[in-house]
Amino acid sequence: LEQMGFYVARCSQSNYDRTELAFSSALNFDYLQTLAPQLTPERRDKSELWRLIRNSRLRASLESLGYQTVAFATGYPWSELEDADMYFPSQPRTIFALNEFEVLMLRTILVRAVQEAGLVHYDAQEYDRQRERSRVALSALPSMHEAGRPRFVFVHLLEPHPPFVFDAGGAVDAGQFINAEGNYTPESYARGYVGEVQYINREILRVLKTVIAGSDVPPIIILQGDHGPWYQPPETVLTILNAYYLPGHDEALYPSISPVNSFRVILNEYFGASLPLLEDVNYNSPGRE
């Protein structure tokens, strides 16, 4: 990435270690305590987080300047901007295909016996759908610079993240990393994670090289993790890859910049805003709910 002209913030950490928290903060370039003080640690209603992601301050700012919004299916409704100017859904479902909600229901009620009897393999269906969503995004991204007007392209790729549907060579049976109790062990998680890192490293570099080489106007690119891998101590689980392609504007970046400041820097440098940078603070969420 550095050889391609990216600034890699080598000491960067996520502000939050849950995706919904991290996205809602980063896309609104502020901490949740300021954006929605009612969202206390005890609260379980996530609808406000979802609103902050789908109707973010960043999206509103860019659309007011004439930008088109482009988004992709993710498998998580709260991060799918289905009302974007250009939205890439998953391929149409067959009569036997299941959506994510249906898969969840089948995992939690007696109908699971249907799978155990070998009649329906809904876990395998969801692995295929996750693999397809990622491939759709990776295939479409190289052409995103071909537009008559500026575009804000929002991509949420799960890789590397369970279920591990890719290995270094491509598709892999994600079920092999899960034990009989339906859990990952530190060893199986590490094995699946490393395989997906090898796959996504190669694919992302291919996409980025194509976009940069084909753009008449240098693009603005942020390649950023929302949190670190599981099975890490609290001080490590927040460590992320945070890389910026901002030709001629690297001087505003620094090694420990966190996502809450990413778009403050970009709006200041490219759009003449005067947003003060916030202190880079990190919050851990001990439970997995």
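Computed from a predicted model, the values in this text were never measured in an experiment.

Participant: Let's hear about the confidence of the model for the chain: which residues, and what values?
Facilitator: Interpretation of this model should avoid reading the predicted coordinates in detail wherever pLDDT is low. Across the chain, the average pLDDT comes to 89, with 88% of residues at 70 or higher. Across residues 92–96, confidence stays below pLDDT 50; counting only partners more than four residues off in sequence or on other chains, it has 5 contacts.

Participant: So what about the nonpolar core? Which residues, and what values?
Facilitator: Grouped together as the largest cluster of nonpolar side chains are 27 residues, with contacts concentrated most on L27, L58, F152 and L253. Listing elements by their share of this core, those giving two or more residues are α4 (57–64), β4 (151–154) and α10 (259–271). Examining the composition of this core, we find that 4 residues originate from one element, α10, more than from any other. Not counting the four nearest positions on each side in its chain, L58 is found in contact with L27, F29, F152 and F263.

Participant: Explain the pattern of salt bridges to me, and be specific about the residues and the numbers.
Facilitator: In total, this model carries 13 salt bridges according to the counting rule given. Linking D30 and R264 is a salt bridge whose minimum nitrogen-to-oxygen distance equals 3.7 Å. Remark: R264 occurs in helix α10 and D30 occurs in the loop between α1 (19–26) and α2 (32–35); sequence separation between them is 234 residues. Taken as a pair, D30 and R264 share a single burial class, namely buried. Of the charged contacts in the structure, one is a salt bridge between R43 and D45, with a shortest N-O distance of 3.5 Å. R43 gets classed as partly exposed once you look at its relative accessible area, which sits at 33%. The network of salt bridges with shared partners includes R59, E63 and D83.

Participant: For unusual backbone geometry, give the residues involved together with the corresponding values.
Facilitator: If a residue is not glycine, its phi is most likely negative; likewise, a peptide bond is most likely trans. Note that the residue after E159, namely P160, is joined by a cis bond; omega there is -5 degrees. When you line up the elements, P160 lands in the loop between β4 and β5 (166–167). Note that the residue after P162, namely P163, is joined by a cis bond; omega there is 0 degrees. Take P163: it is sitting in the loop between β4 and β5. Positive phi is not limited to glycine here, since F29 has a value of about 40 degrees. Relative to the helices and strands, F29 is located in the loop between α1 and α2. Classification of F29 by relative accessible area gives buried; the value is 1%. The phi dihedral of Y231 falls on the positive side, at around 60 degrees, and the residue is not glycine. Of the residues examined, Y231 reaches a relative accessible area of 42% and is grouped as partly exposed.

Participant: Can you explain empty space enclosed by the protein? Please cite residues and give values.
Facilitator: Inspection of every chain in the model, using the stated rule, returns 1 cavity of 30 Å³ or more. Computed from the structure, the largest cavity encloses a volume of approximately 60 Å³. For the lining of the largest cavity, the element with the most residues is helix α7 (residues 122–140), which contributes 4 residues. The residue inventory of the lining of the largest cavity, partitioned by class, reads 6 nonpolar, 4 polar and 1 charged.

Participant: How would you explain the sheet that holds strand β8 (residues 242–245) if you had to name every residue and give the values?
Facilitator: If you trace the 3 strands from one edge of the open sheet to the other, you get β1-β8-β7, paired in antiparallel fashion. Edge strands, defined here as strands with exactly one partner in the open sheet, are β1 (7–8) and β7 (221–224). As defined by bridge partners, β7 adjoins β8 across 4 bridges and the pair is classed as antiparallel. Its bridge partner being in β8, L223 is matched across the sheet by A243. Its contacts with the sheet place α10 against β7 and β8, and it is angled at close to 175 degrees to β7.

Rules used throughout
- Residues numbered from 1 in each chain as written.
- Predicted model: local features only at pLDDT ≥ 70, side-chain atom pairs only at ≥ 80, totals over all residues.
- Heavy atoms only, no water.
- pLDDT = per-residue confidence, 0-100.
- Contact = heavy atoms within 4.5 Å.
- Core = buried A, V, L, I, M, F, W, Y, C linked by side-chain atoms within 4.5 Å.
- Buried < 20%, exposed > 50% of the residue type's maximum accessible area, 1.4 Å probe, protein only.
- Helix = DSSP H or I, 4+ residues; strand = E, 2+ residues; numbered from the N terminus.
- Salt bridge = Lys/Arg side-chain N within 4 Å of Asp/Glu carboxyl O.
- 1 Å grid on protein atoms, 1.4 Å probe; cavity = no way out; pocket = protein on both sides within 12 Å on 5 of 7 lines; lining within 4 Å.
- Points joined across faces, edges and corners; volume = space filled by probe spheres on them.
- Nonpolar A, V, L, I, M, F, W, Y, C, P; charged D, E, K, R; others polar.
- Pairing = 2+ DSSP bridges.
- Axes fitted to C-alpha atoms, helices over the stretch in contact; angles between N-to-C directions.

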